[in-house]
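Residue strings, one per chain:
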Amino acid sequence: MKQHPRPPGGWARRVLQHGTRRGVPLMVLALLALLGPPAHAVETMCMPSEESACIAGTLRTEEGVLPDVDLVLTSPSGVEETVTTSDTGRWNLQATEEGQWEIEIVADSLPDNVATEGTATVQVQLGKTTAGLIPVRTTSYSSERTFGDYLVQSAANGVRLGLMLALASIGLSLIYGTTRLSNFAHAEQVTLGGMLAYGFVNVGGLNLWVGAAITVAICAAVGWTQDRVIWQPLRRRGLGLTQLLIVTIGLSLALQYCFQFFVGAGTVRVTKENAAVTEIGPITMTTISFSAMGIAVVVLAAVGLGLLKTRIGRATRAVADNPDLAAASGIDVDRVIRLVWTVSAALAGLSGIMYALVMNGIKWDSGMQILLLLFAAVTLGGLGTAFGALIGSLIIGLVVELAPALGMPGDFKYATAMLILILLLLVRPQGLLGKAQRVG
């Protein structure tokens, strides 16, 4: 990177240099120089419309944000606009021209210890917000990392992904265990959680914790309603698993297009602010990621204890093992199945909230993108076993994130997870914790 040290003379020198270059009269420049530097830039909102777009960004180094830095944005027609970063390093510009805009940092406005390439090009479309990202680092920054640090960081990312998958895959496994139904619409419950959280927190302005709690409650209600309105009547009519499987595929497609219709095809964020970054040794993650992992561990531990220690948990395991025998022993099978659908949808909704926060947004087809990973985790751990789904999710998450660190191309990391699944099933068809069953 090139270093752009600030020349002596401070504010007055910068005013005279840039003003002279742009043809401002010398008397005006002298007056501005005598008045001194302006106050910190004020935080302003930029909302795109049918006739305008927004270009926005945050200027920060690895040590913090950069206030009072000037940026020059040049439109496709050559018109220059100047913006200044606020106290939080943010800047934005309301643009009325579509096309390719150039962004340049005024080097003289940077602190002495900051270096940058200083330029970026973005494609602007009316009605949308475009992010203008320019790498900025301190001169002491070093991007070199040892292989060990890279491996540890990838493993941490894998555990994070595995915990998010586990929240959704455990519910998917419980549904299969109690009904023998592979629910292809389960991943859309993950998308629903992220979309509802976006609506309550980002659009509605609720506190994140309050919005997340309401989202989980609504997702649980959706799961209860699904079984009461759709799955229980179909079970009582004696539909086979193949017909039910087709219904789940149709429900999945219907939900995807509902998300696209009501929210749109773009990525939406639950929170508007950029998350703070925390470093623990060689591991660098956002504070939200660490919080999400902690919440996932607590929730998964609670689900495990509930299955092992509570009466309803033992009833659930009995229904999963043998529904007819469980019914003969006095267990209300329909009640247990409805509870499984409710809890599974709530867990999937919580997974969707964390996915949207950790991945910096969620789209209408995000559930479809992780559906294969969910089924891989359930199959790897053993169909119908909640603890198997947990172990399978962690393995899939680690494989997906460690594959690039171990030399696999990034585009093949999901294929690597599927390959390991196939190899394991060739050796142990029932999965890691599944029970071997005789067929025929």
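Treat the numbers as computed from the prediction; the structure is a model and nothing was measured.

(A) Highlighting the overall build of the chain. Scanning the chain for helices and strands turns up 13 helices and 13 strands. A burial count over the chain gives 42% of its 440 residues as buried. Intrachain contacts of the chain at a sequence separation of at least 6 include 69% that bridge at least 24 residues.

(B) How the structure looks around the sheet that holds strand E10 (residues 129-131). Read across the open sheet, the three strands follow the order E6-E1-E10; overall the sheet is mixed. Bordering the open sheet on either side are strand E6 (90-95) and E10, each of which pairs with just one other strand. On average, adjacent strands in this sheet sit at an angle of 20° to one another, irrespective of strand direction. In terms of strand pairing, strand E1 (residues 53-58) meets E10 through three bridges, oriented parallel.

(C) Region of the structure containing the pairing of strand E5 (residues 80-84). Sheet analysis places strand E4 (residues 70-74) next to E5, joined by five bridges and oriented antiparallel. The partner of Thr74 across the bridge, within E5, is Glu80. Between E4 and E5, which pair antiparallel in sequence order, lie five residues; one of them, Gly78, sits at a positive phi of approximately 95°.

(D) Inspection of the nonpolar core at higher detail. In terms of nonpolar packing, the biggest core is built from 73 residues, with Leu167, Ile170, Trp231, Met354, Leu374 and Ile396 touching the most fellow members. Ranked by the residues each element gives to this core, the list is headed by helix H10 (residues 333-358), at 14 residues. Listed in part, the 21 residues of the second largest apolar core include Val83, Leu110, Val122 and Val124.

(E) Summary view of the packing of helix H3 (residues 147-179) against H10. Orientation of H3 relative to H10, taken along the N-to-C sense of each, is 160°, at an axis distance of 9 Å. Considering the angle they form, H3 stands roughly antiparallel to H10. Seen from above, H3 lies across H10 with left-handed handedness. In contact with Arg160, Met164, Leu167, Ala168, Ile170, Gly171, Leu174, Ile175, Thr178 and Thr179 of H3, H10 contributes Ile337, Val340, Trp341, Ser344, Leu347, Ala348, Leu350, Ser351, Met354, Tyr355 and Val358.

(F) Representation of unusual backbone geometry within the structure. Phi at Arg180 takes a positive value of approximately 60°, unusual for a residue other than glycine. Relative to the assigned elements, Arg180 resides in the loop between H3 and helix H4 (186-203). For Arg180, a relative accessible area of 35% gives the class partly exposed. At Asn360, a position not held by glycine, the phi torsion is positive, near 65°. For Asn360, the position within the fold is in the loop between H10 and helix H11 (366-381). Residue class for Asn360 comes out partly exposed when judged on its relative accessible area of 44%.

(G) Summary view of empty space enclosed by the protein. Taken as a whole and assessed by the stated rule, the structure comprises two cavities of 30 Å³ or more. Put simply, the largest cavity is a space of about 50 Å³. Every residue lining the largest cavity is listed: Leu161, Met164, Leu165, Ala168, Ser351, Tyr355, Ile370 and Leu374. Of all the elements in the fold, those that place two or more residues in the lining of the largest cavity are H3, H10 and H11. Looking at the lining of the largest cavity residue by residue, the class counts come to seven nonpolar, one polar and no charged. Roughly 30 Å³ of internal volume is contained in the second largest cavity. If you go around the second largest cavity, the residues you meet are Ile175, Asn183, His186, Gln189, Gly223, Gln226, Trp341, Ser344 and Ala345. Only H4, helix H5 (208-236) and H10 provide two or more residues apiece to the lining of the second largest cavity.

(H) A look at the environment of Ile420. Relative to the helices and strands, Ile420 is located in helix H13 (residues 413-427). Owing to a relative accessible area of 35%, Ile420 belongs among the partly exposed residues under this scheme.

(I) Broad picture of a positive patch on the surface. Where like charges cluster on the molecular surface, the positive patch consists of Arg311, Arg314, Arg317 and Arg335. With respect to the secondary-structure elements, Arg314 resides in helix H8 (residues 311-321).

(J) Focus on the pattern of salt bridges. Evaluation of the coordinates by the stated rule reveals four salt bridges. Taking the shortest distance from any N to any O, the salt bridge between Arg235 and Asp227 comes out at 2.9 Å. In this structure Asp227 comes out as buried when scored by relative accessible area, which is 0%. Between Arg338 and Asp227 there is a salt bridge; the shortest N-O distance is 3.2 Å. Placement of the pair is Arg338 in helix H10 and Asp227 in helix H5, with a sequence separation of 111 residues. Since its relative accessible area comes to 15%, Arg338 is described here as buried. A network of salt bridges, in which partner residues are shared, links Asp227, Arg235, Arg236, Asp334 and Arg338.

The rules we used
- Residues numbered from 1 in each chain as written.
- Predicted model: local features only at pLDDT ≥ 70, side-chain atom pairs only at ≥ 80, totals over all residues.
- Heavy atoms only, no water.
- Helix = DSSP H or I, 4+ residues; strand = E, 2+ residues; numbered from the N terminus.
- Buried < 20%, exposed > 50% of the residue type's maximum accessible area, 1.4 Å probe, protein only.
- Contact = heavy atoms within 4.5 Å.
- Pairing = 2+ DSSP bridges.
- Axes fitted to C-alpha atoms, helices over the stretch in contact; angles between N-to-C directions.
- Core = buried A, V, L, I, M, F, W, Y, C linked by side-chain atoms within 4.5 Å.
- Parallel < 35°, antiparallel > 145°, perpendicular 65-115°, else oblique.
- Left-handed = near helix turned anticlockwise from the far one by under 90°.
- 1 Å grid on protein atoms, 1.4 Å probe; cavity = no way out; pocket = protein on both sides within 12 Å on 5 of 7 lines; lining within 4 Å.
- Points joined across faces, edges and corners; volume = space filled by probe spheres on them.
- Nonpolar A, V, L, I, M, F, W, Y, C, P; charged D, E, K, R; others polar.
- Patch = residues over 30% accessible without salt bridge, like charges linked within 9 Å, V, L, I, M, F, W, Y side chains within 5 Å.
- Areas by Shrake-Rupley, 256 points an atom, 1.4 Å probe, with all protein chains shown as cover.
- Salt bridge = Lys/Arg side-chain N within 4 Å of Asp/Glu carboxyl O.
- Lys, Arg positive; Asp, Glu negative; His and termini not counted.
- Charge placed at Lys NZ, Arg CZ, Asp CG, Glu CD.

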